[in-house]
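Residue-level structure breakdown
Letter by letter, the chains look like this.
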Amino acid sequence: MSVAIHPIAAPWGRFALYSFLIDGPELALVDTGVTASAANLPAELERLGRRIQDVRWILLTHGHIDHVGGAYALWEATGRRAQVVISETDAHFLASRRAHVEEALALRGSYVDTEALEATKSAEVLEAVSGEMQPSRTVRDGDLLDLGGVRVRVVATPGHTPGAVTYVVQDAAGASEHVFVGDAAQCYGAASGFPGYEDPDAYRASLVRLVALEPQHLYLGHPYRRMDGTPYHVALAAGDARAALDASLEREAQVRAGASRAARRTSRSPYSPFEAHAAELGYTGDPTLEPSPFFTTLNGYTATEKEPS
Ligand SMILES: [Zn+2]
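This write-up is about the structure you can find in this document. (Residues numbered from 1 in each chain as written. Predicted model: local features only at pLDDT ≥ 70, side-chain atom pairs only at ≥ 80, totals over all residues. Heavy atoms only, no water.)

What follows concerns the overall build of the protein chain. If you tally the helices and strands in the protein chain, you get 10 helices and 12 strands. With 309 residues in all, the protein chain has 54% of them scored as buried. Within the protein chain, residue pairs in contact and separated by at least 24 positions form 64% of the contacts whose partners lie at least 6 positions apart. Split by element, the accessible area of the protein chain, about 12700 Å² in all, is 51% carbon and sulfur. Seen as two clouds, the 27 positive and the 39 negative side-chain charges of the protein chain have centres 1 Å apart. (Helix = DSSP H or I, 4+ residues; strand = E, 2+ residues; numbered from the N terminus. Buried < 20%, exposed > 50% of the residue type's maximum accessible area, 1.4 Å probe, protein only. Contact = heavy atoms within 4.5 Å. Areas by Shrake-Rupley, 256 points an atom, 1.4 Å probe, with all protein chains shown as cover. Lys, Arg positive; Asp, Glu negative; His and termini not counted. Charge placed at Lys NZ, Arg CZ, Asp CG, Glu CD.)

Put into structure tokens, the structure is as follows:
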């Protein structure tokens, strides 16, 4: 059974957030943006001739605020009829605003002004997360969802977050027709110009998995950029899909090599303790702009390293 896919954009600060409508016998949304995006979404659906009340599935690729923040409001807007789906590993982000604050502190608290980070994040979750809820259903790798005859396979793609999953709409022959990766493939990064992932080895292994799926269509959570800084479209046909996955692998390899050549050292630089890493990688962006992929990612490569004394 064939479906149409519609990307739905929602701006949030310097980010462009995307949800996707899977327009089939049972309407499904992939990711929700934040509270403001959810408020905007019913009108976007109407322009497509669809109604929020008819949405039956809200499929969340991972727990980050810009993907789950609108989930509660949209679930309410469906009359609580939609099934809200997330991996069991990331489900706490749906259930607790505080989980987003704790995550930021755990990953970046030792690199930035901790009190300021806690204050910023605490204010952000109040505005950007529309409500706390338990998922209707948690999923894990290999699960199959039946969207009124449309088969969706859940593929674990951890690394960006521990519980990140990819939703794969399969065609009758089992091929990967529409592949929704969330933030599991980041090319050369989004607005901040750096790819963000907690676990580099898992991120790389997930990218290899995605290549093996041979997506006929690939959908990115944000307009991630090429090496030259130009953004990919969020909806990519097979050739561009492969290019975006290859670019993600290429950038991960570069960051890995740069991280291995540099050593952590506390300094007065805003990149501290990764001043040498920024120099190796030619990174000149603001490392403190949340969600600070520079710090999150380099923490993943170097967390067990000791500074020279
Ligand atoms: Zn994310």
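Moving on: the packing of helix 7 (residues 200-213) against helix 8 (residues 238-261). The interhelical angle for the contact between helix 7 and helix 8, taken along N-to-C directions, is 155°, at an axis separation of 10 Å. Here helix 8 runs roughly antiparallel to helix 7, going by the angle between their axes. In terms of crossing hand, the pair formed by helix 7 and helix 8 is left-handed. Of the residues in helix 8, those touching helix 7 at Pro-200, Asp-201, Tyr-203, Arg-204, Leu-207, Val-208, Leu-210 and Val-211 are Arg-242, Leu-245, Ser-248, Leu-249, Glu-252, Ala-253 and Arg-256. Looking at the contact of helix 7 with helix 8, its residues break down into nine nonpolar, one polar and five charged. (Axes fitted to C-alpha atoms, helices over the stretch in contact; angles between N-to-C directions. Parallel < 35°, antiparallel > 145°, perpendicular 65-115°, else oblique. Left-handed = near helix turned anticlockwise from the far one by under 90°. Nonpolar A, V, L, I, M, F, W, Y, C, P; charged D, E, K, R; others polar.)

What follows is about the packing of aromatic side chains. Here the structure, examined in full by the defined rule, presents 17 aromatic pairs. Centre to centre, the rings of Tyr-18 and Phe-20 are 6.5 Å apart; their planes meet at 25°, and the pair counts as stacked. Of the two residues, Tyr-18 and Phe-20, neither departs from the other in class, the shared state being buried. An angle of 15° between the planes, with centres 4.7 Å apart, marks the rings of Phe-180 and Tyr-219 as stacked. In this pair, Phe-180 is assigned in strand 10 (residues 176-182) and Tyr-219 in strand 11 (residues 217-220), connecting sequence segments 39 residues apart. Chaining the aromatic ring pairs together yields one cluster made of Tyr-111, Phe-194, Tyr-271, Phe-274, Tyr-283, Phe-294 and Phe-295. (Phe/Tyr/Trp six-rings, centres within 6.5 Å; stacked < 30°, edge-to-face > 60°.)

Attention now goes to the coordination of the zinc ion. Around the zinc ion, the protein contributes the donor atoms His-62 (NE2), His-64 (ND1), His-160 (NE2) and Asp-183 (OD), which lie 2.1 to 2.3 Å from the metal centre. For the zinc ion, the four donor atoms are set out with angles of 86 to 168° between them, so the coordination reads as irregular. (Donors = N, O, S within 2.8 Å, 3.2 Å for Na, K, Ca; no water. Tetrahedral: all angles 85-135°; square planar, octahedral: opposite > 155°, others 65-115°.)

One open sheet accounts for six strands, arranged 1-2-3-4-5-6; its pairing is mixed. This sheet does not close on itself; its edge strands, each paired only once, are strand 1 (4-12) and strand 6 (137-139). With strand direction ignored, the average angle separating the axes of adjacent strands in the sheet is 25°. In the packing of helix 1 (residues 35-47) onto the sheet, the strands contacted are strand 1, strand 2 (15-23), strand 3 (27-30) and strand 4 (55-59), and the crossing angle to strand 1 comes to about 140°. (Pairing = 2+ DSSP bridges.)

Another aspect to go through is the sheet that holds strand 12 (residues 235-237). Overall, mixed pairing links the six strands, which are arranged 7-8-9-10-11-12 in an open sheet. Each end of this open sheet is capped by a strand with a single partner; those strands are strand 7 (144-147) and strand 12. Across the sheet, the axes of successive neighbouring strands diverge by a mean angle of 20°, strand direction being ignored. Bridge count between strand 10 and strand 11: three bridges; the pairing is parallel. Its bridge partner lying in strand 11, Val-179 is registered against Leu-218. This element, helix 8, spans strand 11 and strand 12 of the sheet and lies at about 110° to strand 12.

Turning our eyes to something else, we now look at the side chain of Glu-124. Its location among the elements puts Glu-124 in helix 6 (residues 114-128). Not counting the four nearest positions on each side in its chain, Glu-124 is found in contact with Trp-12, Ile-65 and Val-129.

The residue Arg-251 is located in helix 8 in this model. The buried category is assigned to Arg-251, whose relative accessible area is 9%. For the pair Arg-251 and Glu-124, spaced 127 residues apart in sequence, the C-alpha separation works out to 30 Å. With near-sequence residues (within four places) excluded, Arg-251 lies in contact with Cys-187, Tyr-188, Phe-194, Pro-195 and Leu-281.

The interhelical angle for the contact between helix 5 (residues 97-108) and helix 6, taken along N-to-C directions, is 150°, at an axis separation of 9 Å. Looking at the two axes, helix 5 sits roughly antiparallel to helix 6. Remark: the crossing between helix 5 and helix 6 carries right-handed chirality. For the pair helix 5 and helix 6, contact is made by Arg-97, Arg-98, His-100, Val-101, Ala-104, Leu-105 and Arg-108 and by Thr-114, Leu-117, Glu-118, Lys-121, Ser-122, Val-125 and Leu-126, respectively. Among the residues making up the contact of helix 5 with helix 6, the classes are represented as six nonpolar, three polar and five charged.

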